[in-house]
Structure formats: C-alpha cells, structure tokens
Amino acid sequence: MAFIELDGIVKVFGNNTVVKHLSLSVEKGEFISLLGGSGCGKTTTLRMIAGFEHPDEGSIHVAGRNVAGLAPNKRKLGMVFQNYALFPNMNVRRNIAFGLKIAGKDKAETERRVDEMLEVIGMAEFGPRYPHQLSGGQQQRVALARALAIEPSALLLDEPLSALDAKIRLRLRDDIRSIQRRLGITTIYVTHDQEEALSISDKVAVMREGVIEQIGTPFEIYNHPATPYVSSFIGTLNVLPAKIVDAAAGILEIAGQVIKSGKPLDPTAGSDLAVTVRPEAFFLQGDASESNSLSGKVANVKFLGSVVRLVVNIGGVDVSADSFNAPRLTIPALGDEVKLHFSPDACVPLPVKAKADMVAALEEGAAETRKG
C-alpha cells in the first residue's frame, strides 16, 4: 500500500456528485499536484484527506492507517490554506507554536521547534511581528511553517499561492519545493496553474468533473497526454480541422495542403479529423522532404520574453508558432506569407468527436489563466 491511498472515493453535495470513485496512490516523500479547472473536485479531494469533509463512499489510508472518522487534528497532517488562516492577534512565533501547544508540547520543545521553523522559512528575525505587518508572501511562509511545526506525516496545500502576485508566486513555489525536498515530506498540492504544477511536482494528476483524467510525471503529462482533454488543458495547443486523404499512408489535408501524420489513422472514424500541434513544434525553416509544411499569413506577432510567438492564419484558422527570442532573430512582418514546418510526429490526429473535449479544456485553461 502507498503512503497515502485513496480507494474509490465518492463525495456528493445535494444532487451533485463532485468526486466520482476516485483512486490515488501517493508514495512516501512524493510531491503530487492535483491540477484542474474550477469545480473539478480537487479541493474537495484534499479536504477529504485532511478530514474537513468525509467521503460518502471509499476509503482513505495514511501511513497504512484508515483515517475514516478521525478528526482533522487526529490525522497528523499539515494543512496550508489559500487564505493563510493566521491568527491576527498572535505574532509570528505564537502562530507557528499554536499546533505544538494544542499537541501538549512543553515550552522548551515548542521554542526549539519554532526557532527551527523560522530558519527553514528564512524569517528568523520576523518572530515578534504580527500578520498585518507582513507581506502576502511572508504570511504564506508563516502558514507553511505552522503546518510543518507539528512534524506532520504529510503536507496538504490548497492553492497556497493564488492570492499572490506573479513574481512572489514564482519565488515562493520554488521555496516550497526546496523545503519539501529538504524535509522529504509527502506532499499533495492543489492548483489550477499548469506551469506551477508542471514545474514543482514529481507527478501531476489532471482532474475533470470529479475524476482523474491522467496521472504521470510532468514530462508524460505534457508530451504524452492520454486524452483529448488533457492534451488541450495542458499548455498551448493548436487545433486544426483536417480530412483524411489516405488512411493507410497517414496522409491528411489541411486547408487544401497535404501533410503526413506520424501516427496511424483510423479509416472507420470518417474523413473529418481534428489535428493538434504544439506551438513549439513549428519552425520557419526546414527540409520539405523530411517535414510537413503549412503556408499562411502572419496575423500577429507576440513578444513573450524568451519566446516570440507568431500567429499565422492558415485557411481561416489562427495557428501559434513559437521561436526562442534572440538578437539576430528575423521576424516576419504582419501580412507576410510564411511556411511553417513541423515533424509528422508532432501532428496528432484525433476524431472530430473529441473536439468538444478539447474546446472545453482550452476554454477552462484560458479562464483559469485569467483568474490566476
């Protein structure tokens, strides 16, 4: 049995089943993110592990112990909330010490542990301050220290960085991962931010409508999505309408231009397909004999720091193509005709019936990005 084991978890609120027979295994010392759009059930799942909600079906084991029916303070789990939940009438030291006092630790041990946690979060000199005297990032560090002070068997974090600005989020997420690795603590992290989940996790579980669509390493989730929904929700994806020309040979047609797929085509799926290509799979120069190419007009140019994104209109569909920024990079002008090259292996054909899932994922991803 894994260190944390969820088996067939179900949670119903009124007429709405928000978690549907969900199973998840988390190994000791592993960092797993639950990733998904609003309402997918990720926070409810975390709250059931913590004991703030109770499953209507299924079991939850932590360190081999069935925690069903145990109160949150009996599960020996550390929880970090989105809104910090610090006590405004207590200074930093007393906030961190709170759980230790509840657990009946003596004064000397409590003081030693508080000092240790202040060092871990890099805030040794902030002990006398009160929450209102701290920045959002500092408050979240204190919340993390309070959760870790009781030496929990696992750490649970519910969108802990969503209220912070982008620059602080980047620094603090790296700090959280560094602390987790140093302590070797098993961690489950809830987020709607794809980049956050991919950058700090050992594994990512992509959730949708109360179920896990796919779980795997960040590399697997991004490069080998198991479902149309995951392929569209993770990262940026171009979706182009296509028609089968020769299924056996993998030949397709997009906007009157013939390309080849690196994957076999299903001749029984009908002639219409949706073809997906990641923006980074396109390049402006290539050997036509070894790669696919699609011609179109430059509709927009976006500077994204280290990346320059061309938006190219191909047969009425805007396609994003990314290039690494460089001083000598030649950028086409608006309206220029360009040819985008890409490998047959970068072209993933999917049945048209899968397009609804992809559109839903793209819309959810855009909405969560705006929210974050």
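Residues numbered from 1 in each chain as written. Predicted model: local features only at pLDDT ≥ 70, side-chain atom pairs only at ≥ 80, totals over all residues. Heavy atoms only, no water.

Another point: the overall build of the chain. Helix and strand counts for the chain come out as nine helices and 19 strands. Put simply, the chain has 372 residues, and 48% of those count as buried. Accessible surface, the chain: about 17600 Å² in total, of which carbon and sulfur atoms supply 52%. Treating the 41 positive side-chain charges of the chain as one cloud and the 43 negative ones as another, the clouds have centres 7 Å apart. (Helix = DSSP H or I, 4+ residues; strand = E, 2+ residues; numbered from the N terminus. Buried < 20%, exposed > 50% of the residue type's maximum accessible area, 1.4 Å probe, protein only. Areas by Shrake-Rupley, 256 points an atom, 1.4 Å probe, with all protein chains shown as cover. Lys, Arg positive; Asp, Glu negative; His and termini not counted. Charge placed at Lys NZ, Arg CZ, Asp CG, Glu CD.)

Let us look at helix H4 (residues 136-149). Each turn of an α-helix holds 3.6 residues, which means side chains three or four residues apart point in the same direction. With 14 residues, H4 ought to run about 20 Å at 1.5 Å a step, and its terminal C-alpha atoms sit 20 Å apart, in line with that. Among the 14 residues that make up H4, twelve are buried, leaving the element largely enclosed by the rest of the structure. Within the span of H4, buried status applies to Gly 137, Gln 139, Gln 140, Arg 141, Val 142, Ala 143, Leu 144, Ala 145, Arg 146, Ala 147, Leu 148 and Ala 149. Just past H4, the residue Glu 151 takes up positive phi, approximately 50°. (Expected span 1.5 Å × (residues − 1).)

Moving on: the pairing of strand E8 (residues 186-191). In terms of burial, E8 is a largely internal element, six of the six residues being buried. A two-sided burial pattern is seen for E8, the buried positions comprising Thr 186, Ile 188 and Val 190 on one face and Thr 187, Tyr 189 and Thr 191 on the other. Across five bridges, strand E3 (residues 31-35) lies against E8 in parallel orientation. Residue pairing in the sheet places Ser 33 in a bridge with Tyr 189 of E8. Where strand E7 (residues 154-158) lies against E8, five bridges are found, and the strand directions are parallel. Bridge pairing in E8 places Ala 154 opposite Thr 186. (Pairing = 2+ DSSP bridges.)

This next bit is on the sheet that holds strand E5 (residues 65-66). As summarised here, the arrangement of the four strands in space is E2-E1-E4-E5, forming an open sheet in which the pairing is antiparallel. With partners counted over all chains shown, the strands left at the sheet margins are strand E2 (16-26) and E5, one partner each. The pairing of strand E4 (residues 57-62) with E5 spans two bridges and is antiparallel. From the neighbouring strand, His 61 faces E5, where its bridge partner is Asn 66.

On to the packing of H4 against helix H5 (residues 166-183). The relative placement of two packed helices is expressed as an angle between their axes plus a distance between the axes. Taken N-terminus to C-terminus, the directions of H4 and H5 make an angle of 20°; their axes are 11 Å apart at the nearest point. Comparing the axis directions of H4 and H5 gives the class roughly parallel. Classified by chirality, the crossing of H5 by H4 is right-handed. Between H4, through Gly 137, Gln 140, Arg 141, Leu 144 and Leu 148, and H5, the contact on the second element is made entirely by Ile 168, Arg 171, Leu 172, Asp 175, Ile 176, Ile 179 and Leu 183. Taken together, the residues of the contact of H4 with H5 break down into seven nonpolar, two polar and three charged. (Axes fitted to C-alpha atoms, helices over the stretch in contact; angles between N-to-C directions. Parallel < 35°, antiparallel > 145°, perpendicular 65-115°, else oblique. Left-handed = near helix turned anticlockwise from the far one by under 90°. Contact = heavy atoms within 4.5 Å. Nonpolar A, V, L, I, M, F, W, Y, C, P; charged D, E, K, R; others polar.)

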